Amino acid sequence: MNKSKLKKITSARLFLPIVCLIAVLLLNVIKTPDFFNVSIRNGVLYGYIIDVINRASELVILAIGMTLVTAASGGQDISVGAVMAVAAAVCCQILSGGQVSVNEYQNSIIIAVIAALLASALCGAFNGFLVAKLNIQPMVATLILYTAGRGIAQLVTNGQITYIRVDSFKMAGGYIGKCPIPTPIFFAIITVLIVYLILKKTALGLYIESVGINGKAARLVGLNSTMIKFLTYVICGVLAGIAGIVASSRIYSADANNIGLNLEMDAILAVALGGNFLGGGKFSLIGSVIGAYTIQALTTTLYAMNVKADQLPVYKAIVVVIIVTLQSDVFKKYIAGLKAKKSVAVEGGQK
């Protein structure tokens, strides 16, 4: 392989995210030799790699919304975890009819899901109004729901953990019939495909990048920057609602204190690890998806190394800092400068 081809490959946006994911997976293989072994037990797929892909599903969905918000506004939505809890609370409360635990639906599941998505869209619209219309810094604006969201979820469920012990409700977080593949994986794949096709088949993706790169210039050419930013927050809210429904289905309940807890930080890290610029502008959905699986694989690795849950963020932060540093423009320029100096030194020695 000649130098030009090698340089083209290494300079690709997805090169480092893929390398980071491979590195984490190799670390898993070293620690757990049967990491990639997949078998069927009790009619379902079983294995470490299946668990990583399955458990990353909600994070993948959140990372997509976070990518759009970051690209358009140059800031992050730190309320997505709380919005997940709100959506789960609304959905389960309607299904239970206000009871703490039920063994059959008290209301239509379609109405419950639509209401949950509308509630999450409303949360996204609230964030979008503060950021796009009032020009409040995104992290400050979304801090409101980050703080109040779980309290709202508690109000919806009257401070109780609402249980929906119905098999059909458990399907979204479990399995459909005799299908051996976990249902959350399908939710993640379908969500990625729908958003990807919308961005590629319409001009929305280009509009988002244009507004993120230079909002004032985008307005001068006729783009409604305010509406585009607002729309990305609404989409982010809806996606958080979908993730919340899947998460509540996993545990067949609405636990306002734990659903989506700290996932907003992992979503932001997934966007960063995917090679996306956190200041806005060009973005890569696939990069964010890779980043999400990298985060989940890293979490699995640390658990396999017997790292305690309360110590997990420390180790994760160290690894993430290293990975993000390797992807930073400053580090790349530093490495390029070292290579240039070395090349000059070699040429001088030859003379």
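Residues numbered from 1 in each chain as written. Predicted model: local features only at pLDDT ≥ 70, side-chain atom pairs only at ≥ 80, totals over all residues. Heavy atoms only, no water.

Per an unreviewed UniProt entry, the recorded name for the protein chain is ABC transporter permease, and the organism is Blautia difficilis. Regarding the protein chain, the relevant UniProt record gives this comment under Subcellular location (unreviewed entry): "Cell membrane". (UniProt positions renumbered as here; feature names shortened; annotations may be inferred.)

### Describing the overall build of the protein chain
When helices and strands are tallied, the protein chain shows 16 helices and five strands. Relative to a compact globule of 351 residues, whose C-alpha radius of gyration would be 20 Å, the protein chain shows 22 Å and is just as compact. For the protein chain, with 351 residues in total, the buried portion stands at 46%. The contacts of the protein chain with a sequence gap of at least 6 include a subset with a gap of at least 24, amounting to 73%. Per element, the accessible surface of the protein chain, about 17900 Å² overall, is 66% carbon and sulfur. Each charge class in the protein chain can be summarised by its mean position, and for the 28 positive and 13 negative side chains these summaries are 13 Å apart. (Helix = DSSP H or I, 4+ residues; strand = E, 2+ residues; numbered from the N terminus. Rg over C-alpha atoms; globule rule 2.2 N^0.38 Å. Buried < 20%, exposed > 50% of the residue type's maximum accessible area, 1.4 Å probe, protein only. Contact = heavy atoms within 4.5 Å. Areas by Shrake-Rupley, 256 points an atom, 1.4 Å probe, with all protein chains shown as cover. Lys, Arg positive; Asp, Glu negative; His and termini not counted. Charge placed at Lys NZ, Arg CZ, Asp CG, Glu CD.)

### Some thoughts on unusual backbone geometry
Despite not being glycine, Asn 135 has its phi angle at roughly 60 degrees, a positive value. Relative to the helices and strands, Asn 135 is located in the loop between α6 (109-133) and α7 (138-156). Residue Asn 135 is classed as exposed on the basis of its relative accessible area of 63%. For Tyr 252, which is not glycine, the phi torsion reads 40 degrees and is therefore positive. Mapped onto the elements, Tyr 252 comes out in the loop between α12 (225-250) and β5 (253-254). The class of Tyr 252 is partly exposed, set by a relative accessible area of 29%.

### Section: the packing of aromatic side chains
Enumeration according to the criterion identifies two aromatic pairs in this entry. With 5.1 Å between their ring centres and 90 degrees between their planes, Phe 35 and Phe 36 make a pair best called edge-to-face. In this structure Phe 35 comes out as buried when scored by relative accessible area, which is 1%. Judged by its relative accessible area of 44%, Phe 36 is partly exposed. (Phe/Tyr/Trp six-rings, centres within 6.5 Å; stacked < 30°, edge-to-face > 60°.)

### What to know about the environment of Ile 235
In this fold, Ile 235 is placed in helix α12. The spatial distance from the C-alpha of Ile 235 to the C-alpha of Val 246 is 17 Å, given a sequence separation of eleven residues. Setting aside residues no more than four positions away along its own chain, Ile 235 makes contact with Leu 68 and Leu 204.

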